[in-house]
Amino acid sequence: MEETTKREFVLRINGEQRTVAARQADTLLFVLRGGLGLTGAKPGCLNGDCGACTVLVDGTPIKSCMMLAMETVGKEITTVEGLGDAPIQHAFVRHFAFQCGYCTPGFIMNAHALIERHPGADQAMIQEWLESNICRCTSYQEIEAAVKEALEAKKADI
């Protein structure tokens with residue numbers, strides 16, 4: 001039987017270089033949570049359907065359960081812990097855009113990427129981007145309202 005060995009490699013996470021030891025088959029989600037203690041990305045479906053594990057890789061929302069950690073070497077990974085004080089976080093609070101909160105980090109990461117990439121996003125684009133995440137507790141109206149508020153704040157800054 002072949003032995004599974006861990007290897008050390010360096011990831012750039014939330015603006016810092018972090019050395020991790022992981023197997024080549026370990027997902028980014030597993031390494032973030034178990035290896036680095038960054039528990040904002042949540043294990044939900046573990047097959048890419050729910051979006052609870054969404055992080056940004058070079059600014060693109062990625063479901064971290066579907067990406068190997070090794071694939072992110074040399075890329076910038078941003079987790080919800082790395083957003084700092086992003087306007088979308090405050091908008092989620094103001095609009096009560098969560099109930100249990102399990103899916104919230106994934107929605108926030110996806111919405112943050114939308115706002116950064118498409119500050120002029122219309123209703124159709126907002127709905128399209130939010131389709132990649134699932135919330136089982138609340139309606140999407142509050143989430144959409146939070147995204148719209150953060151988009152307006154972004155437009156005001158431009």
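Each remark here, short or long, concerns the structure printed above.
Note that the coordinates shown come from a computational prediction; the quantities given were computed from them, not determined experimentally.

(A) Structural view of unusual backbone geometry. Even without a glycine there, the phi angle at Asn 14 is positive, about 50 degrees. With respect to the helices and strands, the residue Asn 14 is situated in the loop between β1 (7–13) and β2 (16–22). Positioned with a positive phi, Phe 96 is a non-glycine residue whose angle comes to about 50 degrees. Topologically, Phe 96 is positioned in the loop between α2 (87–94) and α3 (104–117).

(B) Local environment of α3. Here α3 contains 14 residues, and its C-alpha end-to-end distance of 20 Å stays within 8% of the 20 Å for a straight helix at 1.5 Å per residue. All of the buried residues in α3 are Thr 104, Pro 105, Gly 106, Phe 107, Ile 108, Met 109, Asn 110, Ala 111, His 112, Ala 113, Leu 114 and Ile 115.

(C) Local environment of helix α1 (residues 28–35). Looking only at α1, the buried set comprises Leu 28, Leu 29, Val 31 and Leu 32. Where the residues of α1 are buried, they touch β1, β2, β3 (54–57) and β5 (76–78).

(D) Summary view of the packing of α3 against helix α4 (residues 123–130). Where α3 contacts α4, the two axes come as close as 10 Å, and the packing angle between them is 145 degrees. In the packing of α3 onto α4, the handedness of the crossing is right-handed. Listed contacts from α4 to Phe 107, Asn 110, Ala 113, Leu 114 and Arg 117 of α3 are Met 125, Ile 126, Trp 129 and Leu 130. For the contact of α3 with α4, the residue count by class is 7 nonpolar, 1 polar and 1 charged.

(E) Up close: the pairing of β2. Pairing geometry for β1 and β2, over 7 bridges, is antiparallel. Residue pairing across strands places Glu 8 opposite Ala 21, the latter belonging to β2. Connecting β1 to the antiparallel partner β2 that follows it, the hairpin turn spans 2 residues, and Asn 14 within it adopts a positive phi of roughly 50 degrees.

(F) Structural context of the sheet that holds β1. With respect to topology, 5 strands assemble into an open sheet ordered β2-β1-β5-β3-β4, the strand pairing being mixed. Two strands lie at the open edges of the sheet, namely β2 and β4 (60–63), each paired on one side alone. For this sheet, the mean angle separating the axes of adjacent strands, direction not counted, is 45 degrees.

(G) How the structure looks around the side chain of Asn 110. Looking at where Asn 110 falls in the secondary structure, it is placed in helix α3. When residues no more than four places from it in sequence are discounted, the contact partners of Asn 110 are Thr 54, Pro 61, Trp 129, Leu 130, Ser 132 and Asn 133.

About the cut-offs
Residues numbered from 1 in each chain as written. Predicted model: local features only at pLDDT ≥ 70, side-chain atom pairs only at ≥ 80, totals over all residues. Heavy atoms only, no water. Helix = DSSP H or I, 4+ residues; strand = E, 2+ residues; numbered from the N terminus. Expected span 1.5 Å × (residues − 1). Buried < 20%, exposed > 50% of the residue type's maximum accessible area, 1.4 Å probe, protein only. Contact = heavy atoms within 4.5 Å. Axes fitted to C-alpha atoms, helices over the stretch in contact; angles between N-to-C directions. Left-handed = near helix turned anticlockwise from the far one by under 90°. Nonpolar A, V, L, I, M, F, W, Y, C, P; charged D, E, K, R; others polar. Pairing = 2+ DSSP bridges.

Purely geometric numbers; function is a separate question.
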